[in-house]
Amino acid sequence: MLLALELARHGVRPRLIDALPGPSPLSRALVMHACTLELLDRQGLAEQFVAQGKMVRAGSPRLCGAPRRPPRPGGRFLQRG
């Protein structure tokens, strides 16, 4: 969606195609990264997103409702050094 917004800003008319017949009632994002907010700010939209968001200071990861173990130190994707 953000790519479509940027393309439109540069004069390209994107077409969004999704297999679902309408918007999902489920959340598909947990955080909004700084670079995303910067792109939204170019369109004057960042403040609206921040105002409607919820600040979360701590959390517990879950997978299908069950608590999820944190990654093991030194695992495949966590390298110390």
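What you see is a predicted model, and the numbers here were worked out from it, not measured in a lab.

Q: Can you lay out the overall build of the protein for me, pointing to particular residues and giving the numbers?
A: Looking only at helices and strands, the protein has three helices and two strands in total. Seen in sequence order, the protein has helices and strands lined up from the N terminus as α-α-α-β-β. Each of the 81 residues in the protein was classed as buried or not, and the buried ones make up 6%. Summed over all atoms, the accessible surface of the protein reaches about 8300 Å², with 58% contributed by carbon and sulfur.

Q: Could you give an account of the pattern of salt bridges, with specific residues and numbers?
A: Per the stated rule, a full pass over the model turns up two salt bridges. With a closest N to O distance of 3.2 Å, E6 and R9 form a salt bridge. Of the two residues, E6 and R9 are both situated in helix α1 (residues 2–9); the distance of three residues between them amounts to about one turn of the helix. The exposure class of E6 is buried, given its relative accessible area of 12%. As a salt-bridge pair, E6 and R42 come within 3.3 Å of each other at their nearest N and O atoms. Of this pair, E6 sits in helix α1 while R42 sits in helix α2 (residues 34–42), placing them 36 residues apart in sequence. With relative accessibility at 51%, the residue R42 sits in the exposed group. One salt-bridge network, in which partners are shared between bridges, spans E6, R9 and R42.

Q: Outline the packing of α1 against α2, listing residues and values.
A: Across the interface, α1 lies against α2 with an axial gap of 11 Å and an inter-helix angle of 35°. As α1 runs across α2, the sense of the crossing is left-handed. Contacts between α1 and α2 involve L2, L5, E6 and R9 from the first element and T36, L39, L40 and R42 from the second. A class-by-class count of the residues in the contact of α1 with α2 yields four nonpolar, one polar and three charged.

Definitions and limits used
Residues numbered from 1 in each chain as written. Predicted model: local features only at pLDDT ≥ 70, side-chain atom pairs only at ≥ 80, totals over all residues. Heavy atoms only, no water. Helix = DSSP H or I, 4+ residues; strand = E, 2+ residues; numbered from the N terminus. Buried < 20%, exposed > 50% of the residue type's maximum accessible area, 1.4 Å probe, protein only. Areas by Shrake-Rupley, 256 points an atom, 1.4 Å probe, with all protein chains shown as cover. Salt bridge = Lys/Arg side-chain N within 4 Å of Asp/Glu carboxyl O. Axes fitted to C-alpha atoms, helices over the stretch in contact; angles between N-to-C directions. Left-handed = near helix turned anticlockwise from the far one by under 90°. Contact = heavy atoms within 4.5 Å. Nonpolar A, V, L, I, M, F, W, Y, C, P; charged D, E, K, R; others polar.

So, to be careful, I would describe these as geometric facts and stop short of saying anything about function.
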